[in-house]
Amino acid sequence: MHHQSHPAAALEREHLVVIGNGMAGCRAIEELIARDPSRYRVTIFGAEPHVNYNRIMLSPVLAGEKSFDEIVINDRQWYAANGIELVTSDPVLAIDRTARTVTAQSGRTVGYDRLLIATGSDPFIIPVPGKDLPGVITFRDMADVDHMLAAAGKGGDAVVIGGGLLGLEAAHGLTLRGMKVTVIHLMPTLMERQLDEAAGWLLKSALEARGQTILTQANTAEIVGTEAVEGVRLKDGTLIPASLVVMAVGIRPSVALARDAGLAVGRGIQVDDHMVTSDPAILAVGECVEHDGQVYGLVAPLWDMCRALADGLVGSHSGYRGSVTSTKLKVAGLDVFSAGDFSGTDGAEDIVLRDASRGIYKRVVVKDDRIVGAVLYGDTGDGGWYFDLLKRGEDIGAIRDMLIFGQAFASGGGVADPKAAVAALSDTAEICGCNGVTKGQVVACIDAGGHSLDAVRAGCKASASCGSCTGIVETLLAITLGDAVEAGPRTMCNCTSFGHDDVRREIVAQQMRSIPEVMQKLHWATPDGCSSCRPALNYYLLCALPGEYVDDQQSRFVNERMHANIQKDGTYSVVPRMWGGLTTPRELRAIADVVEKYDAPMVKVTGGQRLDIFGIKKEDLPAVWADLNAAGMVSGHAYGKSLRTVKTCVGSEWCRFGTQDSTGLGVKIERMTWGSWMPHKFKIAVSGCPRNCAEATIKDFGVVCVDSGYELSVGGNGGIKVRATDFLCKVATEAEAMHYCAAFIQLYREEARYLERTAPWIERVGVDYIRARIADDAEGRDALAGRFHVAQQFLQDDPWAARAAGAEREQHAPMARFTPHAVPA
Amino acid sequence: MLTGEWLDIGWADEIPVRGSRTVQVEGGDDIAVFRTGDGRVFALADRCPHKGGRLSQGIVHGGAVACPLHNWRIALATGEALGEDKGCTPVIPVKLSGGRVLICRASTMQAAA
Ligand SMILES: Cc1cc2nc3c(=O)[nH]c(=O)nc-3n(C[C@H](O)[C@H](O)[C@H](O)COP(=O)(O)OP(=O)(O)OC[C@H]3O[C@@H](n4cnc5c(N)ncnc54)[C@H](O)[C@@H]3O)c2cc1C
Ligand code: SF4
Ligand code: FES
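This structure is a prediction, so every number in the text was calculated from the model and none was measured. (Residues numbered from 1 in each chain as written. Chains lettered and ligands numbered in written order. Predicted model: local features only at pLDDT ≥ 70, side-chain atom pairs only at ≥ 80, totals over all residues. Heavy atoms only, no water.)

For chain B, the count of helices and strands is 1 helix and 9 strands. Written out in order from the N terminus, the α and β elements of chain B read β-β-β-β-β-β-β-β-β-α. Per-residue burial for chain B yields a buried fraction of 56% across its 113 residues. Across chain B, every contact between residues at least 6 apart in sequence was considered, and the portion connecting residues at least 24 apart equals 42%. Of the roughly 4,400 Å² of accessible surface on chain B, a fraction of 49% belongs to carbon and sulfur atoms. (Helix = DSSP H or I, 4+ residues; strand = E, 2+ residues; numbered from the N terminus. Buried < 20%, exposed > 50% of the residue type's maximum accessible area, 1.4 Å probe, protein only. Contact = heavy atoms within 4.5 Å. Areas by Shrake-Rupley, 256 points an atom, 1.4 Å probe, with all protein chains shown as cover.)

Rendered as structure tokens:
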């Protein structure tokens, strides 16, 4: 490392000093040598003890797939052969721009004619307590890998903070090295900057299947330990034991040197198109620079920068114009690719292909017939092709329909017409991979009378499982029948080719547990659904997994999120529950107090015999609920797809015609059924005699008391289309009336489509079917009622109480408030 | 942090993913701040171009929000109604800086004017 003497000619050459012996610094010199090997005398300072190596390949080194020697780009021989002086393990500490010198840690000072800063990035360390404990490391250079390998040799638990590219590669390597790894990620999905939610979910499932624990939406509070790391504590209090913590939460351009030297620095060292900084004698390249407002964290842009830089150094200025980047995860068996903008900006359209049986998800984002982004999971073979089309801004209008199937299909064999492509398939070609159905079998099924998609699904099971072959089946129907194809039942929405019943059946059959899982397994055509399918899926999962499914608040309509009724001016109305329509002075006083205290402009008696308080502000809701709760009242669910009210008449207790205690029964039924989420709103009434003052025969479930018992009827509706109930049966006791009611509600919960009231449901399935299930089948009735009561254990939970106690306060409070004249400029 | 052009309104992760929060401006409409499934943040006047529905209370999906009153879909990036519906809601420029959400000062003050 001492000064070498150079031939006389060399001394006359301009001296180019490079700070940073990394990927960009050395590549720049390679490019320079390729253009003019004799123009500059070169000295490179490197902080690391190594020659130039391929940093990207640190992941395979950690995973044991490569050795350090295999990732060296330029060995010592290369430096020597090109007359480059390499100074290793000696970081430059200062630049003196007036004297044109740099000074390194060893004290050595060297003069320069041109200086190139290529210092790369520094890993970002989250400022939590314990961050400096031994055993907390980053993942940036070979020294970090050596540390990790030493720790992994002892086995035990590791925590990786950060679920981005780097963190997941670290987690993978450590898992292969025998550690038990937990990944902590702040965001709800992994690699959220590169992947959309669907691909992120697939990736998470795949990593979990490999034995890693993935915690999303997890916020690190501190790293615990006395002498060395012992674990990581999350903000929610969870403690995860670990003897090794890898911080991979991001990188920051390494700009300290440049800033101290007074160069223009933004997020990175600012450079022009020729990689020249604010000082014409100083250049910069790589991750440490900011060009046109952009900083980069991948190698591809560096190569472009290095070309422009070398051109500039030899006087033939070409200029760097910024880069579009693509990302790949280098974890064996997990093929993930993303490029461009896949965030679904305005006017952009998604083409999505999901193949659940093969674990594939592909999404190409198209705008004005040009690809603007792509996310591929499971099969990334066409990533390069999409990326190329994207970079070149190619018009893909002509191949749009075929695009998602990839290059071979879209441009191969001149088959640009999907119909022709399907017609050309042989009879033995497999159409439906899930159920192993061939084209011949599908056509035979159509010939045998399967004239709609649904009929084909029922007849030969093609497209009945994941639906990815729906398009081909539809084409076969069109080819075989022409105009005679019959439209099937409506699909849930434009996000899927399945109807509600199919989706529900598959959720149960395939034991699906989350909305992203349903969307992947059933080939949703959009990345995160729409406002019609999301609430439906949320309900179906809730119904299928009582007590287990975690409700997705963002998939609920506002009323069910706010537990109040939104009005057209953005205020809410609040309806406390009054069991069976009965109330007390205490309740009435509490309501009156709320009306006055919160200035509610109106109170009204509703059609369901409750009091509705109007004009409550979002911010005041928790306080209103607290006041009502204090008087013993709970949420009336007047806003939800759920049990609304049980309307009663006074019955035998007061009325001279009354035959049974209709009020008492109404109160009991309401206590049994409140809180239950259903496909749509649900109303009940109990009348004390056939005069039917409670209008029980236009309710979803009606009870009319008679001398000898209780007449039950179902499917009534008083809305736009008035419908009287259908008679179900007569029972002798109150207990039976309640039991039948529970069974009927559960049947409705399990079989009606989301947003289908009982009236259209019963018209669709026929009242005989309902009678067969509820009145005639004692065992089935018991089972239904049993499932209802199980679900109720979890659902009978007053949502107001939790909110009044402070839960989800952020839903009610604004993030910030500004008073215009008080805002300092 | 309060710079001349931008107003700091808080951490991005205070906004639920696929959800929204509001910012109150005295004397004006609220501003609805949204976070999408892929973590992008947008801000619009909290007023649907149809009949003034509170967009902050809608369902966020993809890059759009469905109004809670009559289900119009509004593009978060442009404020335009999507599909058959016609209308536009003012957009408030947003930027993210170190996890903080900054909204454009001028547009915010305009919302109050
Ligand atoms: C584990 C890992 C996996 C990656 N995988 C991929 C991938 O798959 N695809 C991809 O495109 N990118 C990947 N990257 C990113 C890629 O490695 C970087 O974009 C690239 O290395 C940046 O090159 P650079 O020269 O700017 O910085 P570096 O390669 O970091 O080089 C900077 C060098 O400067 C040295 N230095 C800093 N300050 C001083 C000083 N004052 N004096 C002397 N020397 C100094 C540093 O020690 C370092 O050696 C990965 C990175 C890592 C860490
Ligand atoms: S329904 Fe019969 S019992 Fe009930 S109030 Fe009317 S008349 Fe009396
Ligand atoms: S007010 Fe928004 S859709 Fe009607």
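There is more to say, and it comes next.
Residue and element names in this part refer to chain A. Near ligand 1 you find 30 residues, and of these Ala24, Glu48, Arg140, Glu287 and Lys330 are the closest. Contact between ligand 1 and alanine 24: an oxygen atom at 2.6 Å from a main-chain N or O atom of the residue. One of the side-chain nitrogen or oxygen atoms of arginine 140 is found 2.6 Å away from an oxygen atom of ligand 1. When the free accessible area of ligand 1 is taken as 990 Å², the share hidden by the protein chains comes to 91%. Elements supplying a minimum of two residues to the shell around ligand 1: helix 2 (23-35), helix 3 (58-62), helix 6 (165-176) and helix 9 (299-313). Residue classes in the shell around ligand 1 are distributed as 16 nonpolar, 8 polar and 6 charged. (Near = heavy atom within 4 Å. Polar contact = N/O pair within 3.5 Å; in protein donor to acceptor, adjacent residues only side chain to side chain. Nonpolar A, V, L, I, M, F, W, Y, C, P; charged D, E, K, R; others polar.)

Here the focus is the packing of aromatic side chains. Remark: the centre distance and the inter-plane angle together describe each pair of aromatic rings, the angle taken between the planes. According to the stated counting rule, one finds 12 aromatic pairs over all chains in the structure shown. Residues tyrosine 53 of chain A and phenylalanine 68 of chain A carry aromatic rings whose centres are separated by 5.3 Å and whose planes lie at 65 degrees to one another, so their mutual orientation is edge-to-face. Residue tyrosine 53 of chain A is found in the loop between strand 2 (40-45) and helix 3, and its partner phenylalanine 68 of chain A is found in the loop between helix 3 and helix 4 (76-81); the two are separated by 15 residues along the sequence. You'll find tyrosine 53 of chain A and phenylalanine 68 of chain A in the same group, each marked buried. The rings of Phe682, Phe701, Phe744, Tyr748 and Trp761 of chain A are connected pair by pair, giving a single aromatic cluster. One cation-aromatic arrangement involves arginine 252 of chain A over phenylalanine 124 of chain A; the distance from NZ or CZ to the ring centre is 4.0 Å. Stacked on the ring of tryptophan 11 of chain B, the Lys or Arg arginine 100 of chain B has its end atom at 4.7 Å from the ring centre. (Phe/Tyr/Trp six-rings, centres within 6.5 Å; stacked < 30°, edge-to-face > 60°. Lys NZ or Arg CZ within 6 Å of the ring centre and 35° of its normal.)

To describe two helices that pack against each other, one gives the angle between their axes and the distance between the axes. Residues and elements named next belong to chain A. Packing of helix 26 (residues 767-776) against helix 27 (residues 778-795) brings their axes to within 6 Å, and their N-to-C directions diverge by 85 degrees. Considering their axes alone, helix 26 and helix 27 lie roughly perpendicular with respect to each other. Residue-level contacts link Arg773, Ile774, Ala775 and Asp776 of helix 26 to Ala778, Arg781 and Leu784 of helix 27. For the contact of helix 26 with helix 27, the class distribution of residues is 4 nonpolar, no polar and 3 charged. (Axes fitted to C-alpha atoms, helices over the stretch in contact; angles between N-to-C directions. Parallel < 35°, antiparallel > 145°, perpendicular 65-115°, else oblique.)

In this section: the confidence of the model for chain B. Scored by pLDDT, chain B has a mean of 87; 94% of the residues are at 70 or more. As scored by the predictor, the complex reaches a pTM of 0.64 and an ipTM of 0.85. (pLDDT = per-residue confidence, 0-100.)

The next subject is the pattern of salt bridges. Where charged atoms from two side chains of opposite charge approach closely, those side chains can pair. All names here are of chain A. Using the criterion set out here, one finds 47 salt bridges over all chains in the structure. Arginine 457 is the partner of aspartate 502 in a salt bridge, and the nearest nitrogen-oxygen pair spans 3.6 Å. In this pair, aspartate 502 sits in helix 17 (residues 500-509) while arginine 457 sits in helix 15 (residues 453-460), placing the two residues 45 residues apart along the sequence. Grouping residues by exposure puts aspartate 502 and arginine 457 together as buried. Here the salt bridges share partners, and the residues they tie into one network are Arg27, Glu31, Arg35 and Asp311. (Salt bridge = Lys/Arg side-chain N within 4 Å of Asp/Glu carboxyl O.)

With that settled, the discussion passes to the interface of chain A and chain B. Contacts between the two partners involve 46 residues from chain A and, on the opposite side, 46 residues from chain B. Interface area, chain A with chain B, both sides summed: about 3,600 Å², of which 55% is carbon and sulfur. At the junction of chain A and chain B, the tally comes to 3 salt bridges. Close ionic contact of aspartate 528 of chain A with arginine 18 of chain B constitutes a salt bridge, the shortest N to O distance being 3.6 Å. (Buried area = accessible area lost by both parts, 1.4 Å probe.)

Moving on, we get to the pairing of strand 24 (residues 360-367) of chain A. Residue and element names in this part refer to chain A. Counting buried positions along strand 24 yields 7 of 8 residues, so the element is predominantly enclosed. Relative to strand 24, strand 23 (residues 349-355) is paired through 7 bridges, and the arrangement is antiparallel. Paired with glutamate 349 across the two strands is valine 366, which belongs to strand 24. Across 7 bridges, strand 24 lies against strand 25 (residues 370-377) in antiparallel orientation. In the sheet register, arginine 363 faces strand 25, and the bridge partner there is valine 375. (Pairing = 2+ DSSP bridges.)

All names here are of chain A. There is a patch of like negative charges on the surface, built from Asp776, Asp777, Glu779 and Asp782. On the secondary structure map, aspartate 782 appears in helix 27. Judged by its relative accessible area of 44%, aspartate 782 is partly exposed. (Patch = residues over 30% accessible without salt bridge, like charges linked within 9 Å, V, L, I, M, F, W, Y side chains within 5 Å. Lys, Arg positive; Asp, Glu negative; His and termini not counted. Charge placed at Lys NZ, Arg CZ, Asp CG, Glu CD.)

Strand order across the open sheet formed by 4 strands is 37(A)-2(B)-3(B)-4(B), with mixed pairing between neighbours. Of all the strands in the sheet, just strand 37 (816-818) of chain A together with strand 4 (41-45) of chain B have a single pairing partner and so form its edges. Sheet twist, expressed as the mean angle between neighbouring strand axes with direction ignored, is 25 degrees. As paired strands, strand 37 of chain A and strand 2 (residues 19-25) of chain B are joined by 3 bridges and run parallel to one another. Residue pairing across strands places arginine 817 of chain A opposite glutamine 24 of chain B, the latter belonging to strand 2 of chain B.

So, about the sheet that holds strand 9 (residues 100-104) of chain B. Residue and element names in this part refer to chain B. Overall, antiparallel pairing links the 3 strands, which are arranged 1-9-8 in an open sheet. In the strand order of this sheet, the two ends are held by strand 1 (6-11) and strand 8 (94-97), each with one partner. Put simply, the sheet's adjacent strands are angled 30 degrees from each other on average, direction ignored. Sheet topology places strand 1 next to strand 9; 5 bridges connect them, and they run antiparallel. The residue bridging tryptophan 11 from the neighbouring strand is arginine 100, located in strand 9.

Right, let's talk about the nonpolar core for a bit. All names here are of chain A. In this structure, Ile29, Ile95, Val102 and Ile117 are the most contacted members of the largest nonpolar core, which totals 57 residues. For isoleucine 29, the contacting residues outside a window of four places in its chain are Leu16, Val18, Val42, Ile44, Trp78 and Ile84. Counting 51 residues, the second-largest nonpolar core is a separate cluster that includes Ile591, Ile613, Leu628 and Ala631. (Core = buried A, V, L, I, M, F, W, Y, C linked by side-chain atoms within 4.5 Å.)

To continue, consider unusual backbone geometry. Residue and element names in this part refer to chain A. We note that serine 89 has phi near 50 degrees; this positive angle belongs to a residue other than glycine. For serine 89, the position within the fold is in the loop between strand 3 (85-87) and strand 4 (92-96). Although it is not a glycine, glutamate 808 sits at a positive phi angle of roughly 50 degrees. Looking at where glutamate 808 falls in the secondary structure, it is placed in the loop between helix 28 (799-804) and strand 37. Taking relative accessible area as the criterion, glutamate 808 reaches 30% and is therefore assigned partly exposed.

Before going further, it helps to spend a moment on the side chain of serine 687 of chain A. Residues and elements named next belong to chain A. Position of serine 687 among the secondary structure elements: in strand 33 (residues 682-687). Classification of serine 687 as buried rests on a relative accessible area of 0%. Of note is the side chain of serine 687, whose polar atom sits 3.0 Å from the backbone nitrogen of alanine 694. In this structure, serine 687 is in contact with Cys649, Ser662, Asn692, Cys693, Ala694, Glu695, Ala696, Val703, Val704 and Cys705, ignoring residues within four places of it in sequence.

Moving on: the state of the cysteines. In total, this model carries 0 disulfides over all chains according to the counting rule given. Free cysteine cysteine 493 of chain A: the closest other cysteine sulfur is in cysteine 533 of chain A, separated by 3.6 Å. (Disulfide = S-S within 2.5 Å.)

Residue and element names in this part refer to chain A. Tracing the backbone shows lysine 641 in the loop between helix 22 (621-630) and strand 32 (643-648). The side chain of lysine 641 sits in the buried core without any salt bridge; glutamate 560 is the nearest counter-charge, 5.3 Å away. Residues within four places of lysine 641 in sequence aside, it is in contact with Phe557, Glu560, Ser676, Trp677, Met678, Pro679, His680, Lys681, Tyr754 and Leu755.

Its 18 residues place the ends of helix 24 (residues 734-751) of chain A 26 Å apart at the C-alpha level, agreeing with the 26 Å of an ideal helix rising 1.5 Å per residue. When you tally the buried positions in helix 24 of chain A, you get 13 out of 18 residues, the bulk of the element. (Expected span 1.5 Å × (residues − 1).)

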